[in-house]
Amino acid sequence: MADNVFGVALGYGRDHVTEESGSGRVGGTGRVGGGAGFNAYKLRGSDSLKHAVGVKLTRTGKRYQLASTQEHGTIDGRSLIREMNFDKFADKDSEYADFAKGMNMPHPPGMEELPNHGLAYENPLDELRKNATHSWGMAIDMNTCLGCNACALACQSENNVPIVGKDQVTKGREMSWLRMDRYFSGDVNNPQMSHQVMVCQHCEAAPCENVCPVNATTHDDEGLNLMIYNRCVGTRYCSNNCPYKVRRFNYFDYNRRPLNDLYNSPANPWNQKDGEWELTRWVKDRSRGNVDDDQWDLLALARNPSVSVRMRGVMEKCTYCIQRIEGAKIAQKVKAGPSGDVEVPDGTIKTACQQACPAEAIAFGNIDDPESKVSKLKAQARDYDVLDYLATRPRTTYLGRVRNPNPDMPDYRETPETFKEWKDHGNHLAHHGHGHGDSHGHDSDHGHDDDHDKEHGEQAGKGGHH
Amino acid sequence: MSDHAPAIKLEAPPVELERERLVSNNRDLGEISDQICDVMERPNPLWWKICMIPALLLLSMLGAMVAYLVTVGVGVWGNQHPVMWGWAIINFVWWIGIGHAGTLISAILFLLRQKWRTSINRASEAMTIFAVMCAGVYPLIHVGRIWYGWWLFPIPNSNDIWPQFRSPLMWDVFAVSTYFTVSVLFWYMGLIPDLAVMRDRCKKFIGKFAYGLFSLGWSGSNRHWRNYEKAYLILAGLSTPLVLSVHSIVSLDFAVSQLPGWHTTIFPPYFVAGAVFSGFGMVLTLLIPLRTVCKLQDIITVRHIELCCKVTLTTGCIVGYAYFMEVFIAWYSGSSYEKYAFWNRAFGPYWWGYWAMIGCNVVVPQFFWFKSVRTNLWVVFFLSILVNVGMWFERFVIVVTTLAREFIPANWGYFNPSPVDIMTYLGTFGLFFTMFLLFLRFLPMIAISEVKAVVPQADPHHPLGGAEEGGHH
């Protein structure tokens with residue numbers, strides 16, 4: 001936006017209170033709208049329909065908390081998002097052609113030769129995988145992703161993810177299983193923006209699993225990192241140990257209590273609803289909680305019947321839409337009959353996020369099938385693991401973004417700002433030249449590697465100028 | 001006596017070679033019993049009532065806060081998305097750290113033949129047990145579904161699912177419950193001869209009955225003493241590794257995870273040193289006022305206070321070294337995530353927590369190098385409180401600062417405690433002080449029989465020994 005211009009989103013304010021409900025004041029648009037936002041139409045009279053000109057902004061000195069799910073904008077030189085300019089990437093001889101894997105953190109000497117993908121220990125899952133019919137995996141192509149958030153919305157409605165309200169969002173308790181991370185890098189006044197869909201990575205060596213004291217999160221043989229709601233006691237250790245921070249905790253009974261009444265204890269004797277104590281209501285019908293009757297019917301209809309609704313005190317996270325996977329597997333088993341061909345054909349299962357994506361940036365399927373779409377995407381050079389150095393072996397991998405800026409435009413950059421920032425933090429591209437987990441021919445010593453990198457860097461730099 | 005052998009008169013050692021006595025003013029054995037028992041036998045003093053009222057109020061507040069938490073959910077605390085552990089875990093680690101001094105004093109100092117421990121071991125052990133009780137409240141209530149907390153124990157159940165033995169939280173369950181059990185047993189063992197003293201002195205029936213029941217028929221016979229000494233030695237041997245293991249295991253809650261700032265091998269020794277540091281801080285905070293209000297200055301002398309200060313100084317230096325080493329290793333590791341984690345501690349949004357920790361835990365104990373400070377009880381009392389403030393901030397820095405900013409910057413957050421967090425924490429003080437004040441009134445706060453063993457009168461070869469100057473009664 002240009003300087004001295006101020007943009008206001010119209011139509012979000014709800015300050016008109018019309019109704020007094022048992023559990024407090026609600027807005028004119030119902031329970032969700034109560035006290036949300038401000039009326040910006042006051043600025044826009046019939047004389048200035050599109051622009052209010054001559055408006056003066058003054059500092060009131062007052063503070064107002066905005067409910068935002070992301071407060072930190074810099075990427076801090078971390079290789080979470082990997083981007084390259086097209087001209088550099090297209091030069092097959094340059095180190096930039098392999099930028100995505102080149103931004104991996106170098107292994108300590110000797111680790112690369114370990115047989116198990118650079119891990120010191122064998123993963124028991126590898127043995128299980130040999131007998132599994134499928135190995136589920138996902139690839140997210142950041143090149144095609146627009147950042148439109150359709151996936152986030154689809155996930156929320158498919159998986160009965162509760163809406164927690166403004167107050168809980170300000171406390172950082174939104175429940176979205178899938179979120180859109182965004183970063184600004186480069187010049188503060190003219191930054192480059194990059195975004196990344198972040199969701200459970202279904203790590204093969206999942207850090208969340210070994211810290212749960214009650215076995216509430218475990219792996220199955222098809223590579224799903226499962227969350228067993230019934231078993232969860234809510235120590236929240238799994239979330240602390242998750243490097244991607246994609247686990248969400250039910251701090252309240254979001255599904256059974258009105259959002260404006262979360263802090264009211266059901267045991268509170270003054271907590272009456274229709275002349276009945278909430279605790280009595282709860283004893284009579286333990287699933288209903290304190291939600292108004294009409295709202296309860298609506299909520300029940302809004303839920304996806306194939307997905308469990310979680311109670312307070314349990315952790316939840318992306319399941320790769322396990323209800324769809326299981327549905328497809330059962331259908332395939334029925335179809336296969338005595339033939340025994342129980343492998344679900346590629347493309348049968350679409351996760352909710354994948355289905356909603358207008359750019360088809362998300363692919364999901366069997367990574368043991370080399371012909372599946374997801375396997376083909378993962379085989380591309382742009383494929384990389386986020387936080388590779390933790391060796392969590394995520395089943396969800398990302399395809400690095402290739403930008404194609406016009407050199408004649410003022411916002412042209414030699415390399416994407418995220419890459420530049422990463423380099424400025426003292427990192428340099430490692431010359432891998434081989435796929436993930438491939439341990440052939442890396443005999444050259446490090447000094448030689450560095451020289452190699454420098455040569456390529458100079459070549460690519462020259463190439464960039466023409 | 002007979003005329004064939006003249007009695008050998010031992011000369012008292014020269015004054016400059018004589019160590020400062022552990023019980024000052026040459027109190028004889030009977031007076032020691034009287035002094036210690038007087039705390040329980042005299043009518044309820046005013047200071048006790050004044051302390052008990054707020055303690056009970058705070059305890060009720062703890063009950064109310066726990067009831068509110070259980071009926072509503074963990075959301076009543078300040079915990080949020082990246083910072084899933086907040087004050088509950090900070091306070092758990094803080095209280096359990098305080099609960100380290102008692103067993104260290106009673107077990108390790110016993111094995112090392114440090115006789116000065118006798119004046120302070122009983123009260124410190126009581127402090128340990130009550131601190132572990134306060135700590136134990138938190139792991140129980142901090143989980144999301146408290147009614148299923150028993151799943152952390154290996155109890156056979158119809159689901160046929162065992163706890164997950166790879167989880168450090170699981171190890172915590174065993175470490176803390178073992179420590180608590182052994183501490184209580186050790187404390188009770190040491191109490192038996194003193195309970196018998198109370199039984200013999202008590203005039204009311206109910207007291208006679210209760211002390212009589214728990215003194216297990218102690219008659220002070222040679223055989224009883226022999227068994228007692230053996231059992232005490234064995235329990236001291238069993239408790240010694242536990243002093244080191246509990247906080248090592250608690251530290252593994254952090255060290256086993258993979259977060260930058262948590263995943264460090266220095267944690268076990270560093271946590272144990274910190275625990276002893278905070279434990280002695282709390283011992284000083286409690287004993288300095290107590291020796292005055294209970295008129296026990298002869299038994300808990302300034303020398304005892306000084307020795308506690310020296311332990312605090314030593315452990316404070318170890319903790320300071322650990323802080324320095326953490327920062328060094330973060331730099332030396334070459335990992336940008338590690339480097340950022342420690343930079344963030346010192347200069348990030350929680351910088352005040354880090355510098356409060358450094359100030360209280362590294363700078364404050366350095367004052368104990370000076371004898372003039374160690375013998376000025378007002379100053380020691382004030383500094384001992386700072387030690388515990390600093391140790392609270394240490395846990396705050398470890399838990400909150402680490403979780404608030406780790407791998408994925410888009411997901412960083414800022415933790416604020418809720419009033420329920422604060423009131424629950426204050427409530428545990430209510431639990432602690434209620435228990436401690438009851439202990440003062442109903443159990444001898446100093447091990448009577450052990451103190452008697454370290455006065456010169458107990459040594460028949462000492463010039464003051466024997467029956468002559470009021471030794472044996």
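Residues numbered from 1 in each chain as written. Chains lettered and ligands numbered in written order. Predicted model: local features only at pLDDT ≥ 70, side-chain atom pairs only at ≥ 80, totals over all residues.

Description of the overall build of chain B
Note the threshold: In this description a helix means any DSSP run of H or I spanning at least four residues, a strand means any run of E spanning at least two, and both kinds are numbered starting from the N terminus. Between the buried cut of 20 or more and the exposed cut of 12 or fewer other C-beta atoms within 10 Å of a residue's own C-beta lies the partly exposed class, and all C-beta atoms are placed from the backbone. Residue pairs qualify as contacts under a 7 Å threshold applied to their C-beta atoms, which are placed from the backbone.
Broken down by element type, chain B carries 16 helices and 0 strands. Split into buried and exposed, the 473 residues of chain B put 48% on the buried side. Contacts spanning at least 24 positions in sequence make up 80% of the contacts within chain B whose residues lie at least 6 apart.

Observations concerning the overall build of chain A
Along the backbone of chain A there are 13 helices and 16 strands. Within chain A, buried positions represent 36% of all 466 residues. Across chain A, contacts joining residues at least 24 apart in sequence account for 66% of those joining residues at least 6 apart.

As for the packing of helix H12 (residues 351-363) of chain B against helix H14 (residues 377-404) of chain B
Residues and elements named next belong to chain B. Short version of the rule: Every axis corresponds to a line fitted to the C-alpha atoms, with the helix fit spanning only the stretch in contact, and the corresponding angles, defined between N-to-C directions, vary from 0 to 180 degrees. Handedness of each helix crossing follows the sense of rotation of the near helix against the far helix: counterclockwise by less than a right angle gives left-handed, clockwise gives right-handed. Note that Gly is not counted as nonpolar here; it falls among the polar residues with everything else outside the nonpolar set of Ala, Val, Leu, Ile, Met, Phe, Trp, Tyr, Cys and Pro and the charged set of Asp, Glu, Lys and Arg.
At a closest axis distance of 8 Å, the pairing of H12 and H14 adopts a crossing angle of 145 degrees. Judged by the twist between their axes, the crossing of H12 over H14 is left-handed. Only Leu386, Val387, Val389, Gly390, Met391, Phe393, Glu394, Phe396, Val397 and Thr401 of H14 make contact with H12, whose side of the interface consists of Gly353, Tyr354, Ala356, Met357, Gly359, Cys360 and Asn361. Taken together, the residues of the contact of H12 with H14 break down into 11 nonpolar, 5 polar and 1 charged.

As for the environment of Tyr183 of chain A
Along the chain, the position of Tyr183 of chain A falls in strand E5 (residues 179-185). On the neighbour-count criterion, Tyr183 of chain A (25 C-beta atoms within 10 Å) is buried. Separated by 113 residues in sequence, Tyr183 of chain A and Gln70 of chain A have C-alpha atoms that sit 9.7 Å apart. Aside from chain neighbours lying at most four places away, what touches Tyr183 of chain A is Gly73, Thr74, Ile75, Ile81, Ser194 and Thr418 of chain A together with Ala410 of chain B.

Quick look at the pairing of strand E4 (residues 136-141) of chain A
Residue and element names in this part refer to chain A. This is how it is decided: Being paired, for any two strands, means DSSP has found at least two bridges between them.
Across the 6 residues of E4, 6 count as buried, placing the element largely inside the fold. Judged by which residues are buried, E4 turns out to be covered on both faces: Trp136, Met138 and Ile140 on one side and Gly137, Ala139 and Asp141 on the other are all buried. Strand direction decides the pairing type here: E4 and strand E13 (residues 362-366), joined by 5 bridges, are antiparallel. Bridge assignment links Trp136 to a residue of E13, and that residue is Asn366. Bridge count for E4 against strand E15 (residues 396-399) is 4 bridges, and the pairing is parallel. By the bridge assignment for E15, Met138 is matched with Thr396.

Some thoughts on the interface of chain A and chain B
Listed by partner, the interface residues are 51 residues for chain A and 40 residues for chain B. The set of elements that each furnish at least two residues to the side of chain A that touches chain B consists of E5 and helix H6 (237-241) of chain A. Classifying every residue of the side of chain A that touches chain B gives 23 nonpolar, 16 polar and 12 charged.

Remarks on helix H9 (residues 267-293) of chain B
Residues and elements named next belong to chain B. Going by this rule: Multiplying 1.5 Å by the residue count of a helix minus one yields the expected span of that helix.
End to end, H9 covers 39 Å across 27 residues, agreeing with the expected 39 Å (1.5 Å per residue, within 8%). Most of H9 is tucked away: 20 of the 27 residues are buried. Positive phi appears at Lys295, one or two residues downstream of H9, with a value of about 55 degrees.

Remarks on the sheet that holds E13 of chain A
Taking strand neighbours across the sheet as the criterion, the 4 strands line up as E13-E4-E15-E14 (chain A) in an open arrangement whose pairing is mixed. Both outer strands of the open sheet, E13 and strand E14 (383-384) of chain A, are each paired with one neighbouring strand and no more.

Describing the nonpolar core
What counts is decided by this rule: Any set of buried Ala, Val, Leu, Ile, Met, Phe, Trp, Tyr and Cys residues joined through C-beta atoms within 7 Å is what this text calls a nonpolar core.
Ile140 and Ile362 of chain A together with Ile96, Met127, Ala131, Val283 and Ile446 of chain B are the most contacted members of the largest nonpolar core, which totals 214 residues. The dominant element in this core, judged by the number of residues it contributes, is H9 of chain B, at 14 residues. The residues touching Val283 of chain B, leaving out its near neighbours within four places in the chain, are Ala101, Ile120, Ser124, Met127 and Cys308 of chain B.

Section: the packing of helix H6 (residues 168-201) of chain B against helix H8 (residues 222-255) of chain B
All names here are of chain B. Test applied: Put simply, angles under 35 degrees are roughly parallel, angles over 145 are roughly antiparallel, angles from 65 to 115 are roughly perpendicular, and the rest are oblique.
Axis separation between H6 and H8 bottoms out at 9 Å; the angle between their running directions is 155 degrees. Judged by the inter-axis angle, H6 sits roughly antiparallel to H8. Note that H6 runs across H8; the crossing there is left-handed. Its residues placed into classes, the contact of H6 with H8 shows 22 nonpolar, 4 polar and 2 charged.

Quick look at the confidence of the model for chain A
Residues and elements named next belong to chain A. Note the following rule: Every residue gets a pLDDT, meaning the predictor's confidence in that residue, from 0 to 100.
Considering every residue of chain A, the mean pLDDT works out to 83; 86% of them sit at 70 or more. Below pLDDT 50 for its whole length, residues 20-27 participates in 23 contacts with residues either more than four positions away or in separate chains. Here residues 433-466 is a poorly scored stretch, pLDDT under 50, and it has 26 contacts once near neighbours within four places are set aside; other chains count.

Description of unusual backbone geometry
With phi around 70 degrees, Arg236 of chain A is a residue other than glycine that occupies positive phi space. If you trace the backbone, Arg236 of chain A turns up in the loop between strand E8 (225-227) and H6. In this structure, Leu216 of chain B is a non-glycine residue whose phi angle is positive, near 55 degrees. For Leu216 of chain B, the position within the fold is in the loop between helix H7 (205-214) and H8. Here Leu216 of chain B falls in the exposed class, since 11 other C-beta atoms lie within 10 Å of it.

Focus on the environment of Gly63 of chain B
Among the structural elements, Gly63 of chain B can be located in helix H2 (residues 46-72). A C-alpha to C-alpha distance of 7.8 Å links Gly63 of chain B and Gly427 of chain B, two positions 364 residues apart in sequence.

Examining the pairing of strand E6 (residues 192-198) of chain A
Residue and element names in this part refer to chain A. Across 7 bridges, E5 lies against E6 in antiparallel orientation. Within E6, the residue paired with Ser185 across the bridge is Gln192. Connecting E5 to the next strand, E6, in antiparallel fashion are 6 residues, including Gly186 with a positive phi near 90 degrees.

A look at the environment of Arg44 of chain A
Residue and element names in this part refer to chain A. Following the sequence through the fold, Arg44 ends up in the loop between strand E2 (24-27) and strand E3 (83-85). Residues Arg44 and Glu276, spaced 232 residues apart in sequence, show a C-alpha to C-alpha distance of 47 Å. Leave out the neighbours within four places in its chain, and Arg44 touches Leu10, Leu49 and Ala52.

Some words on the confidence of the model for chain B
Residue and element names in this part refer to chain B. Per-residue pLDDT for chain B has a mean of 90; in total, 97% of the residues score no lower than 70. Scored below 50 in pLDDT, residues 469-473 shows 9 contacts in the model against residues more than four places distant or in partner chains. At the level of chain-chain contacts, confidence expressed as ipTM amounts to 0.89, with global pTM at 0.89.

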